[in-house]
Structures are given as structure tokens and as C-alpha cells.
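Now for the letters of each chain:
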Amino acid sequence: RHPSRLWSLLRRWARKAGRMSDGASSAMTISRVVAMLAICYTAFTIRLHAVNVYGRVIHEFDPWFNFRATDYLVNHGTKAFFSWYDEEAWYPLGRPVGTTIYPGLQYTAAYLYYGLQAIGIDMSLNDVCVFTPAVMAPLAVSFTAGMAYEVSGSGNAAVAAGFFMAIAPAHLMRSVAGGFDNESVAVAAIVATFYFWMRSLRNEGSWPWGFATAVAYIYMVAAWGGYTFVLNMVGLSAAVMVVTGNFTPNLHKSYSIFYLIGTLGAIQFPVVGLAPLKSLEQLGPMGIFFWLQLLMIIHRFKKMNRDLDERKIHEFQFMVYSVAVLVFAVVVGLLMPKGYLGPLSSRIRGLFVQHTRTGNPLVDSVAEHQATRDEMYWQYFHMVCFLAPVGFAKLFFLPKTVSNESKWFMISYTVVSTYFSRKMIRLILLLAPASSIIAGIALDFLITWSMAQQTIDEEKEKAAAAEAAPAKTSQGLKGKPKGKRNSSGSPAFVRDLTDFYAENIALRQAFGILMMVLLCTSTFYYWGHCQHMAENLSNPSIMLVGRSRDGKPVMIDDFRESYWWLRDNTPEDARVMAWWDYGYQINGIANRTTIADGNTWNHEHIALLGRALVSPVKKAHRIVRHLADYVLVWSTRYGGMYGDDIAKSPHMARIGGSVYKDIDPTQFYQDQQGNPSEMMRKSLIFNLVNFRLDPAIPELKPDTFKEVYTSKNNMVRIYQVLKVSKKSKKYINEGRGRQAFFSGQTLDHAYPPALAAILAGKEDFEQLEDFNRERKTKKEVE
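Just so it is clear, the model here is predicted, and its values are computed rather than measured.

Rules of the game
- Residues numbered from 1 in each chain as written.
- Predicted model: local features only at pLDDT ≥ 70, side-chain atom pairs only at ≥ 80, totals over all residues.
- Heavy atoms only, no water.
- Helix = DSSP H or I, 4+ residues; strand = E, 2+ residues; numbered from the N terminus.
- Buried < 20%, exposed > 50% of the residue type's maximum accessible area, 1.4 Å probe, protein only.
- Contact = heavy atoms within 4.5 Å.
- Polar contact = N/O pair within 3.5 Å; in protein donor to acceptor, adjacent residues only side chain to side chain.
- Phe/Tyr/Trp six-rings, centres within 6.5 Å; stacked < 30°, edge-to-face > 60°.
- Lys NZ or Arg CZ within 6 Å of the ring centre and 35° of its normal.
- Salt bridge = Lys/Arg side-chain N within 4 Å of Asp/Glu carboxyl O.
- pLDDT = per-residue confidence, 0-100.
- Pairing = 2+ DSSP bridges.
- Patch = residues over 30% accessible without salt bridge, like charges linked within 9 Å, V, L, I, M, F, W, Y side chains within 5 Å.
- Areas by Shrake-Rupley, 256 points an atom, 1.4 Å probe, with all protein chains shown as cover.
- Axes fitted to C-alpha atoms, helices over the stretch in contact; angles between N-to-C directions.
- Parallel < 35°, antiparallel > 145°, perpendicular 65-115°, else oblique.
- Left-handed = near helix turned anticlockwise from the far one by under 90°.
- Nonpolar A, V, L, I, M, F, W, Y, C, P; charged D, E, K, R; others polar.
- Core = buried A, V, L, I, M, F, W, Y, C linked by side-chain atoms within 4.5 Å.
- Lys, Arg positive; Asp, Glu negative; His and termini not counted.
- Charge placed at Lys NZ, Arg CZ, Asp CG, Glu CD.

Caption draft 1: Local environment of the overall build of the protein chain. Per the secondary structure count, the protein chain includes 35 helices and nine strands. When each of the 782 residues of the protein chain is scored for burial, the buried share is 50%. Sequence-distant contacts in the protein chain: of pairs separated by 6 or more residues, those separated by 24 or more amount to 73%.

Caption draft 2: Summary view of the side chain of aspartate 581. Mapping aspartate 581 onto the fold places it in the loop between strand E5 (575-577) and helix H26 (583-590). For aspartate 581, the side chain forms a polar contact with the side chain of lysine 648, separated by 2.9 Å. Aside from chain neighbours lying at most four places away, what touches aspartate 581 is Phe61 and Lys648.

Caption draft 3: Quick look at the packing of aromatic side chains. Counted under the stated rule, the structure contains 49 aromatic pairs. Taking the centre distance of 6.3 Å and the plane angle of 20 degrees together, the rings of phenylalanine 82 and tyrosine 107 count as stacked. Here phenylalanine 82, found in helix H4 (residues 62-82), pairs with tyrosine 107, found in helix H5 (residues 104-118); they are 25 residues apart in sequence, far enough to count as distant. Taking the relative accessible area as the measure of exposure, phenylalanine 82 reaches 27% and is therefore partly exposed. Over the ring of tyrosine 731 we find arginine 736, and its NZ or CZ is 4.1 Å from the ring centre.

Caption draft 4: Structural context of the pattern of salt bridges. Counted according to the given criterion, the structure contains 27 salt bridges. Arginine 422 is the salt-bridge partner of aspartate 374, the closest N and O atoms lying 2.6 Å from each other. Linking aspartate 374 in helix H18 (residues 374-381) with arginine 422 in helix H20 (residues 404-423), this pair joins segments that are 48 residues apart in sequence. Arginine 422 gets classed as partly exposed once you look at its relative accessible area, which sits at 37%. The partner of arginine 717 in a salt bridge is glutamate 707, with the nearest N and O atoms 2.9 Å apart. Taken together, the residues span a long stretch of sequence, with arginine 717 in strand E9 (residues 716-721) and glutamate 707 in strand E8 (residues 705-710) at a distance of ten residues. Of the residues examined, arginine 717 reaches a relative accessible area of 0% and is grouped as buried. Residues participating in the shared-partner salt-bridge network are Arg174, Asp181, Glu183 and Arg426.

Caption draft 5: Inspection of the confidence of the model for the protein chain at higher detail. With 86% of its residues at a pLDDT of at least 70, the protein chain reaches an overall mean of 87. A low-confidence stretch, residues 16-20 (pLDDT under 50), is modelled with one contact involving residues beyond four sequence positions or located in other chains. Here residues 768-782 is modelled with pLDDT under 50, and outside its nearest four sequence neighbours on either side it reaches 25 contacts, counting other chains as well.

Caption draft 6: Spatial organisation of the pairing of E8. For E8 and E9, the ladder comprises five bridges, and the chain directions are antiparallel. Residue pairing across strands places threonine 710 opposite arginine 717, the latter belonging to E9. The hairpin formed by E8 and E9 contains five residues between the paired strands, and asparagine 714 there has a positive phi angle of roughly 60 degrees.

Caption draft 7: How the structure looks around the sheet that holds E9. If you walk across this open sheet you meet the five strands as E6-E5-E7-E9-E8, and the pairing is mixed. Strand pairing shows two members of the sheet lacking a second neighbour, strand E6 (593-594) and E8, which therefore form its edges. Note: strand E7 (residues 630-634) against E9, five bridges, orientation antiparallel. Across the sheet, the residue bridging to valine 631 is tyrosine 719, located in E9.

Caption draft 8: A nonpolar patch on the surface, seen in detail. Taken together, the side chains of Met319, Val323, Val327 and Val331 present a nonpolar region at the surface, about 340 Å² in accessible area. Along the chain, methionine 319 falls in helix H15 (residues 310-335).

Caption draft 9: How the structure looks around the packing of helix H14 (residues 280-304) against H15. Contact geometry of H14 with H15 gives a least axis separation of 11 Å together with a crossing angle of 155 degrees. On the basis of the axis angle, H14 is roughly antiparallel to H15. At the point where H14 passes H15, the crossing takes the right-handed sense. Residues Trp291, Leu294, Leu295, Ile297, Ile298, Phe301 and Lys302 of H14 form the contact with H15, whose participating residues are Ile313, Phe316, Gln317, Val320, Tyr321 and Ala324. Here the residues of the contact of H14 with H15 are counted per class, giving eleven nonpolar, one polar and one charged.

Caption draft 10: Up close: the nonpolar core. The biggest cluster of nonpolar side chains holds 214 residues, and the ones touching the most others in it are Met147, Phe194, Tyr255, Met577, Leu632 and Phe705. It is helix H6 (residues 125-152) that contributes the most residues to this core, 14 residues altogether. Phenylalanine 194 has contacts with Met147, Phe229, Val230, Met233, Val234, Phe409 and Tyr413, leaving out every residue within four places of it along the chain.

Caption draft 11: Inspection of the packing of helix H9 (residues 183-200) against H20 at higher detail. Here H9 crosses H20 at 150 degrees, and the two axes come no closer than 9 Å. With respect to H20, the axis of H9 lies roughly antiparallel. Residue-level inspection shows Phe194, Trp197 and Met198 of H9 in contact with H20, the latter providing Ser406, Phe409 and Tyr413. Looking at the contact of H9 with H20 residue by residue, the classes come out as five nonpolar, one polar and no charged.

Caption draft 12: A look at a positive patch on the surface. On the surface, a cluster of positive charge is made up of Lys618, Lys619, Arg622, Lys701 and Lys723. Counting through the fold element by element, lysine 619 comes out in helix H28 (residues 617-624).

Shown next as C-alpha cells:
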């Protein structure tokens, strides 16, 4: 009824808010703590959509291996875990799990399980693994808020950053309940390392926080192979600080502690080994460590010789750097011929070239390695896309109370993570903390500015305007021509706009109100968008919700039911051939031996699998009968999902053709109308997917394969291999894969002799990191 009165009350309230007493300040602190607790609770609950709909189910593919490994750790202990050679995977080679796994996720879940058991909460290991990602999310949120506080000095910005991080789809994509994957704990490790690093740079006495940085980094190394990003990010930020003139003894101490202790801890993990001291993508931080030592020597020399002139100091600097360059040249000259330094891996190389050009068709076949499309940023960040540029610009105008080191770290982190997020879809995850922080800074800035417009003292503003008026009039009488700049260097039209804005208090207040309305509305829609995305990202690939003919929701459980059929209807020593995507689920749910899985550590073995699947039925059977008892294929196109094995089969041909040159991948395709090429039409994978469901597919060749199970929605099919070679099975069961691995022989010794002629036609796939070079050399020597 009285809008002018409401306006006046709002301005009065805002004015009072700007003059808080100490008691009000304490209340604000308490309210921030309460807000952070509510945000952490939201971070946990928003990740439970899958549990509420599907139950306590582990999702996707990789999480099933992680669960199986955690189960092995809990039941057999640490010693057995690190010496575990799994002969039920990568048959007939096997896999040395203990030396090829990042164990941080498994130990995190195991200790959560032990802790719950100790306090009397009887929760199954499966349930602990399901909830672990949701439990780690509030930790990630808290450390992200801490980073925002370190770089901005504002509690409000920290709370806002925590809010964005808690529900950001870019964070949700790898942290929903059931998504028991390495990234679900790695995000918390990343932001913990970064927070402690920033904290160690706050002032000259904060370097002991470098110890906490090193501990958090060691946990990060244990959790995920992405630790190289964290290592290089800390190293890069230190280099940027030096280049921008911010070198201090505190920076030297903090980085030295982090690098020495962190590297010492990192090399304790078998999967890492000496990579921090040999791998090209990890040598940069080592170089920065030595550079900081040189800078510290020069700094101490200056401090001890304050009376020396600049020429003497420069001579000393030249001598120090000359010796360093000489030592570097000698070391490189000694190590390079011995092959000590390893090249960039194909995955790292893929960050600097188009994803289809890494040179490795196996890496290029993975969907999450594709470049990020522009529209995905709106999908995963929403309103943050508009706030982030404002927050990033604000980083350059932070108050002097904020350390330059934290500012430059945040600038570096934002730029680098933005670049990497463009290169691969999965690396959007790395941008989530940075975007949340700068969005939080922007939101705090815009709200503070909007509130400030409502606290303007009109009397003082009018008095100031009146004092400025005579000066402005006298300038006008001097007859200065239009378009000239004033004494401050601003164009005349800018000065006029500034004066107009300063004099129109009501306009400023209206802008402030409009900004608040926009922010509130956008935040409301952001909340709804994130809730919607949380539901979509929580849908497990192993279970689906469909609709019956009458529109009622129906649970489609074809995948698990197929694995259960294998578990209940096949011998315990049955071997199941399937494309590598499904290996982890077959191992984890069906408890059956698989040919390959998502570890993808041996390119040649997957190429042999690809060769078998894309070869004509009879020719494929000559390979399969020596390796498997059953073949499982996904035929989801008959359930309305077209990302099945037919869609993946061109990748099978490319990977097979990278090793077996008689396979021509260009002849294996479907045209725009979905018609298969002659090579695809004859292939084993095409026939097994479509047999009996497509009338055009002929009967399978006698004594090759027999259909034994098709799921009720025709999404999974299982075939028994006929005329299995008992001789080959007996040969492999003697532990040939384990023997070959530990004796240093080529892994070809693990295959049965019946496949020798086929294996003789392969050409080991050599990429820059070359999985095979060491073993190949040994073979040539023999």
C-alpha cells in the first residue's frame, strides 16, 4: 500500500547494517558458521538422489573395481593388498593390482568402515562405499570456502563460495552417492592441498603450514593420478610469484617443505615409484624447487653484504646461475642417453592437442576424453558463468590486507583449470573449486555494492554536489572545447556520466535494488538447476528407470540381472569375454574371470580382444575358444539405447588395427542410414548383438557360439563358446601370466601356444611413453 515507506524502511535497515557493533559482528560470525553447516548438510543430502530412488547401489563401471579392491583390502589386510596379483582379470595375463592402483580411495572407505564398526554402527562395506562420495563432499566444500577466505579476506565470500561448490554440477558429476570413484575423494584432497598452500603464504610466520600442505598432497597422490595437476599447480604458482616480484623467504620455506616431504611421500606408493623424479610432466616443480634454492642463496648473500654495490651483486648472481646451468647440463648429458627421463604420457599430451590426435586410439575412444563443448559450461556452471568474470577481475583489485601470494595463486589456478576444462570433459571437475571461489567473491562484491547504494547519506551527498557545482561552472566558463580530456585523463563523456551518476542518488539506489533482485532470482534458478542436474547425474548406468505402457515408472535392471545369471548359472572358473567397458562389473557382480577391463594397461591385449570381436564369426571363434567360455555383449539398441556394442565397434576395429595391420578400420562402419559395411556385417560383434532379434542375421555357424541368455528387455546377451580348448585352458591355469610378469619375460608367454601364429602377426603399439619398450628390449636380447 505504501511503496515509498517500504523503500525508506529498506534503506534504513541497510544503513544500520553498515554500522554494526561488536555484538552484531559476533552475531554475523555465528550466522556464517550456521550457514556453512547448512551448506555442508546440503552438500551431503543433494548427493543422495540415487540412494533414495535406486537404493544403496554402486554405479557405473570403475566403482565396481574400487569396491572389489576395498573388499580385498578389508578381508586380507595391507600386506596382501599391495602384493595382490589378480588372475581373475586381464586373462590370461592377470594384473598386479597392488602396484597399479592408487589406494587412497580404498583406504578412505576401509577406515570409515572400521570407524563405524568401532562405535557400534553395523553398516556393510557396500553401503560405506556408496556413501563415501557424499561424505567427502562437505570436506571439499569447507576447504573451498577456506581458499575463498584466504584470497579475499571476506567471510561472506567464503560462505558464498561454499554454497556454489556444494551444489555445483561440475562437482556433483564425480561425487554422487554410489559413484565410488577416485575423483570422489580426490577433489577434497585437491582443495585441502591448495588451502594449506595458500595458508602457508599468508605472512612471514605462516610457513609451518607447508607441512600440512605436504600431508594433504601425499593423500592426493594416494587418491588419484591427477596429483600431477596439483604438483604442477603449486609449482607454477610459486614461479608466478617469483616472476611478479613476490619472492620471500617464507615462499622458499613453504615450497621447500611441501616439495621435499611431498615427493618423499609420493614415491612410497608403488604405482607412482620414481615418476616425480623422472617423468617430464613432473620435472617442472623440481626445477622450481632448485630455482628457489638459488634465489635464497642470492637473498642471503645480499642480506649478509648490504654494503656491496649493485655490480658486485650482479656478478655474484651471474656466478650462481652459471654454476647451476653447468650442473644442469652435466646431469642431463649423463641421464638422457640412459633413458632415465620419461616422455609425456598420451593422456597429458591430449591436453595440448585435439583429443582425436593423441596417437593412441584407445585413449581417443574414451568419451570423457573429448573436448568440452561450449554449452556444457552453462550445464555444469549455470549462473557462475556470469559471476566468474566479475570475480576474476576483482582478484586484481583485492585489498592490501590480502597476501599477493594467495592472489597470484588463485589467478594461476583459475587460468590453468579453465584451459584444461576446455580440453577434456572430465577436467571440468578441476574448474569447480576455482569457479566457485571467484563466483563467491563476485557475489560478495555485488551484494556489498548493492547494499552500499541503500546506505547513502542524502544530505552529505547533496552538500558534496553543491561544493562541486561552482568548480564545474567555472570550468564551463573557461570554454573548454567538448571532447577534451580532464585533468584525470578521462574523456569528457565519461566525466559527464560519472557526475550524472553521482548526483542521482535515487538512480543509484534503484540500480542497487535491481542488482539484488537479479542476484536473488538467478540464485533461485541456480538452486533449481543444480537440483535437476543432481537427479540426472545420480542416474546409474547399471540401472534405469523406464515407463510402462500405462505411464507408470518401471525399474529396468537388465544389466545386474545378466551378471547375476552368470554368477548363478556358470562354473566358478568360467571366463567371460566382453568389451573392456564391462570387465569391472563382471568381476565385481558376477564374480567371474574377465579378459579386459577399464584399467586398459596393456594396449596389445585389448587389440587382440578387438580383433576377435570384429573378425568374421568363424575366424573369431578360432581366437575366442582359447580364451573364454562365454561372450557377453550389450544390445541396448533393442531397449531404446543406441550406445551399445555396435556403436562402440568402430573403436574396436581402430584399436585392433593399431596392432594387427591386416585389420582395416576404414572398412568397418555404418553409413548414415545405419547400414553396416561388409566387414561389420560379417563381424562377430554384429552377429551376436543382432542374432534372432534381426531377421536379416543368419544362424550362427555350427560349433561356434550358442545363445544361453538374453535379458528380458533384450539389452544384454550371453553366448556360450562351443568347442572350448581344454588344452589351452589348462596351459593358462598353470599361472603363466604371473610367471611371465615376475620373471621379466614378455607377456606373450602367458598366451596358449595355439594363439602363437596370431600373435606373431602383431606389431606392438609404440607411443611416446611406450608400455612395451622395456619388455620388447628384453625380448630382443633373448
